Amino acid sequence: MSANATLTINFTSQYADGCHRVCYSKNNPLGPFTCSTVNCTLGIGVACSKNILVTVNPEDCTPDIYYGYVQPCCEEAASLDGRVSWVAIVAPTDYQCISFDLLCDNPVAPGGPCAAFNVTDCDSNVVNIEPVALGDTIKICSPVTTPPVNAEFTITNTTDSCLCDCTTYDIENTDAVAHDYQYFDCTGTLVGPINILAGITDTICASTGTVQVDDPTVTITVIISPCS
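Residues numbered from 1 in each chain as written. Predicted model: local features only at pLDDT ≥ 70, side-chain atom pairs only at ≥ 80, totals over all residues. Heavy atoms only, no water.

1. Observations regarding the overall build of the protein
Then, in step 1: For the protein, the helix and strand inventory stands at zero helices and 17 strands.
Then, in step 2: Split into buried and exposed, the 228 residues of the protein put 38% on the buried side.
Then, in step 3: Sequence separation of 24 or more characterises 66% of the internal contacts of the protein that already satisfy a separation of 6 or more.
Then, in step 4: When the accessible area of the protein is evaluated, it comes to approximately 11,900 Å², of which 53% is carbon and sulfur surface. (Helix = DSSP H or I, 4+ residues; strand = E, 2+ residues; numbered from the N terminus. Buried < 20%, exposed > 50% of the residue type's maximum accessible area, 1.4 Å probe, protein only. Contact = heavy atoms within 4.5 Å. Areas by Shrake-Rupley, 256 points an atom, 1.4 Å probe, with all protein chains shown as cover.)

This is the structure:
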């Protein structure tokens, strides 16, 4: 399924003559880039914007990442001078599931745990849920109104939507200085930029493929999929 979408790039004019080129590449930060121009008629230092028409698949669980930059037209197109980079992530919105809380409160074995079970995720994959300790609550993301779970659990519909494909990541800053990262969470909300100090590792649950870091010394490691 394909649908039209508009990316609106907002920026501050850097050139008194007003002409700026706005360029983007889909899912590849190295290009090739598609460019068009916009004339910021009020001159340097004022707010300006450019709409970019793109085609997306709202039922695809893999987000599209658009890498781009804004550059005054007075610079040579091949030059890196004057370029201001931007990143836009288009995550699926139509094909969503519901988040459920499962409380282990009635285990068959006295004192628990509640037994493992399988649940179907939003990609129609069967996911094994490991045993859960008595009194603990876990979250699952399911495409059905009430997912089938065993009677050892009390299930609560949180009414929160969740994307059909999320992954647990370790974000490790191996550099000697702090850096930033950002990502889309499982409700399609942009989180960040988040500052991560040197030597620190954060563990997050993010829409698959949407984690962005500002430096290659910040490593992204896939831990397990899916999560919610």
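There's more to say after this.
2. A few points about the nonpolar core
Then, in step 1: The biggest cluster of nonpolar side chains holds 16 residues, and the ones touching the most others in it are Leu 7, Ile 9, Phe 11, Val 22, Ile 52, Tyr 66 and Trp 86.
Then, in step 2: Of all elements in the fold, only strand S1 (3–12), strand S2 (19–26), strand S4 (47–56), strand S5 (64–72) and strand S6 (84–90) reach the threshold of two or more residues within this core.
Then, in step 3: If one sorts the elements of this core by residue count, S4 sits on top with four residues.
Then, in step 4: When residues no more than four places from it in sequence are discounted, the contact partners of Ile 52 are Ala 5, Thr 6, Leu 7, Ile 9, Val 22, Tyr 24 and Trp 86.
Then, in step 5: Formed by 11 residues, the second largest nonpolar core is a distinct cluster that contains Cys 114, Phe 117, Val 119 and Phe 153. (Core = buried A, V, L, I, M, F, W, Y, C linked by side-chain atoms within 4.5 Å.)

3. A word on the packing of aromatic side chains
Then, in step 1: In total, this model carries four aromatic pairs according to the counting rule given.
Then, in step 2: The interplanar angle of 55° and the centroid separation of 6.0 Å between the aromatic rings of Tyr 24 and Tyr 66 together place this pair among those described as tilted. Of this pair, Tyr 24 sits in strand S2 while Tyr 66 sits in strand S5, and the two are 42 residues apart along the sequence. For the residue pair Tyr 24 and Tyr 66, the accessibility class agrees, reading buried in each case.
Then, in step 3: Between the NZ or CZ atom of Arg 83 and the centre of the ring of Tyr 69, over which it lies, the distance is 3.9 Å. (Phe/Tyr/Trp six-rings, centres within 6.5 Å; stacked < 30°, edge-to-face > 60°. Lys NZ or Arg CZ within 6 Å of the ring centre and 35° of its normal.)

4. Side note on the pairing of S5
Then, in step 1: Among the nine residues in S5, nine count as buried, and that is most of the element.
Then, in step 2: Side chains Asp 64, Tyr 66, Gly 68, Val 70 and Pro 72 project from S5 onto one buried face, and the interleaved Ile 65, Tyr 67, Tyr 69 and Gln 71 project onto a second face that is buried too.
Then, in step 3: Across seven bridges, S2 lies against S5 in antiparallel orientation. Looking at the pairing, His 20 lines up with Pro 72 of S5. (Pairing = 2+ DSSP bridges.)

5. Side note on the state of the cysteines
Then, in step 1: Considering all chains together, one arrives at four disulfides under this definition.
Then, in step 2: The residue that forms a disulfide with Cys 19 is Cys 73, at a sulfur-sulfur distance of 2.2 Å. With the S-S bond torsion at -60°, the cross-link from Cys 19 to Cys 73 turns out left-handed. Placement of Cys 19 in strand S2 and of Cys 73 in the loop between S5 and S6 is noted, with a sequence separation of 54 residues between them.
Then, in step 3: Between the sulfur atoms of Cys 23 and its disulfide partner Cys 35 the distance amounts to 2.0 Å. Sign of the S-S torsion, about 115° for the bond between Cys 23 and Cys 35, identifies this disulfide as right-handed. Taken together, the residues Cys 23 in strand S2 and Cys 35 in strand S3 (residues 34–39) connect sequence positions 12 residues apart.
Then, in step 4: Among the residues examined, Cys 23 registers a relative accessible area of 0% and is labelled buried.
Then, in step 5: Its relative accessible area of 41% is what places Cys 35 among the partly exposed residues.
Then, in step 6: For the unlinked cysteine Cys 74, the closest cysteine sulfur is that of Cys 73, found at 7.8 Å.
Then, in step 7: Since its relative accessible area comes to 44%, Cys 74 is described here as partly exposed. (Disulfide = S-S within 2.5 Å.)

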